[in-house]
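Fold and contact review
Listed here are the chains, written in short residue letters.
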Amino acid sequence: MSDSRARITGLLEAQGTKIVGFCAVPDNTQVIEVTETFPRAIVFGFPLSRAVLETIEDRPTLLYKHHYKTVNWMLDQTAFRLARFIEELGKRALAVPASQTVDREQQKGHVSHKYLAAAAGLGHIGRSGLVVHPECGARVRYASVLTDLEFAPDARATGTCGDCQKCVRACPAQAITDTGVDLARCLAKLKEFSKIRGIGQYICGVCVKACDGRH
Ligand code: SF4
Ligand code: SF4
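A brief structural summary. (Residues numbered from 1 in each chain as written. Chains lettered and ligands numbered in written order. Predicted model: local features only at pLDDT ≥ 70, side-chain atom pairs only at ≥ 80, totals over all residues. Heavy atoms only, no water.)

1. Notes on the overall build of the chain
The condition that has to hold: In this description a helix means any DSSP run of H or I spanning at least four residues, a strand means any run of E spanning at least two, and both kinds are numbered starting from the N terminus. Type-normalised accessible area, obtained with a 1.4 Å probe on protein chains alone, sets the label of each residue: buried when under 20%, exposed when over 50%, and partly exposed for intermediate values. Contact criterion: two residues are considered in contact whenever any of their non-hydrogen atoms come within 4.5 Å of each other. Residue exposure ignores everything except the shown protein chains as possible cover, and the areas themselves are Shrake-Rupley values with a 1.4 Å probe. Charge counting treats Lys and Arg as positive and Asp and Glu as negative, with His and both chain ends excluded. Taken as the charge centre is NZ of Lys, CZ of Arg, CG of Asp or CD of Glu, depending on the residue.
For the chain, the helix and strand inventory stands at 7 helices and 8 strands. Considering only C-alpha atoms, the chain reaches an extent of 50 × 35 × 35 Å along its principal axes. Counting across all 215 residues of the chain, residues that qualify as buried make up 46%. Counting only contacts in the chain whose residues sit at least 6 apart along the sequence, the fraction spanning at least 24 positions is 73%. Only carbon and sulfur atoms are counted for the fraction: they give 49% of the accessible area of the chain, which is about 11,200 Å². Distance from the positive charge centre (28 side chains) to the negative charge centre (22 side chains) of the chain: 6 Å.

Okay, here's the thing in structure tokens:
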């Protein structure tokens, strides 16, 4: 399996992304609904459209909602193809949904793509709680495939936010501070946004837009 990284990177590039990382699943990683153990993960991401993010000021727009759903769909399609590829190599693989909420209050999916992305060297976890990619900032959405395929892991990301306060200033709920994100405040704002005509989902996009990779 020495060339598995190169083959997977090639497969993902053919699907349209060069943002890919490989990691050992950190101890104590919670994977909801899954009893099998998967020792490793491949995390990949699609950058979001700058033009779509520019339509956001202090709330989500219909263009952002559509884009968010489109990118999630691309992530899920790509994860499915990658999992099939790994299974054809005779190994186990689980495509984790890009955006399936399992615990609304804690804003959790089946596994934290963000923590796996940081473990796979794709970026540090920033003040907003999002992964800050060195070039794209938080303007990337991620998905993961868990597997027992063997490969060498990438080094964990080591960056910091430094003095940047862009997401702190931008958050319409004042939910982001130097000590972390107040999930209850954020969730209350997402509920409010979900009632905007045509949105109907718990999305925001403001801290994503603010973190443009130029901190
Ligand atoms: S998603 Fe919106 S409300 Fe929540 S922390 Fe980010 S900017 Fe604030
Ligand atoms: S906007 Fe700045 S402070 Fe916020 S997560 Fe990004 S780099 Fe960190």
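2. So, the environment of Ala98
Within the fold, Ala98 resides in the loop between β3 (93-96) and α4 (113-119). Using a relative accessible area of 9% as the deciding quantity, one classes Ala98 as buried. C-alpha of Ala98 to C-alpha of Cys161: the two residues are 63 residues apart in sequence and 25 Å apart in space. Non-local contacts of Ala98, meaning those with residues more than four positions away in its chain, are made with Asn72, Leu75, Asp76, His113, Arg141, Tyr142 and Ala143.

3. Observations regarding the site of ligand 2
We apply this condition: Think of it this way: one heavy atom of a residue within 4 Å of a molecule or strand is enough to make that residue near it. Residue type decides the class: Asp, Glu, Lys and Arg count as charged, Ala, Val, Leu, Ile, Met, Phe, Trp, Tyr, Cys and Pro as nonpolar, and the leftover types, Gly among them, as polar.
Ligand 2 sits among Gly126, Arg127, Ser128, Val132, Cys161, Cys164, Lys166, Cys167, Cys211 and His215. The class makeup of the residues in the shell around ligand 2 is 5 nonpolar, 3 polar and 2 charged.

4. Here's the deal with the packing of helix α1 (residues 4-14) against helix α3 (residues 62-88)
The test is simple: Note on geometry: axes are C-alpha line fits, over the in-contact stretch for helices, and angles between N-to-C directions span 0 to 180 degrees. An angle counts as roughly parallel when it lies under 35 degrees, as roughly antiparallel when it exceeds 145, as roughly perpendicular when it falls between 65 and 115, and as oblique in every other case. Handedness of a helix crossing follows the sense of rotation of the near helix relative to the far helix, less than a right angle counterclockwise being left-handed and clockwise being right-handed.
Two elements in contact, α1 and α3, have axes separated by 11 Å at closest approach and are oriented at 150 degrees. In terms of their interaxial angle, α1 and α3 are classed as roughly antiparallel. With respect to the hand of their crossing, α1 and α3 are arranged in right-handed fashion. Across the interface between the two elements, Arg7, Ile8, Leu11 and Leu12 of α1 pack against Thr78, Arg81, Leu82 and Phe85 of α3. Counted by class, the contact of α1 with α3 contains 5 nonpolar, 1 polar and 2 charged residues.

5. Focus on the sheet that holds strand β1 (residues 19-24)
What counts is decided by this rule: In this description, strands pair whenever DSSP reports at least two bridges between them.
If you walk across this open sheet you meet the 4 strands as β1-β2-β6-β3, and the pairing is antiparallel. On the outer flanks of this sheet lie β1 and β3, each paired with one strand and no other. Between one strand axis and the next, the sheet turns by 20 degrees as a mean value, whatever way the strands run. Against the sheet, α1 touches β1 and β2 (40-47), its axis set at about 145 degrees to β1.

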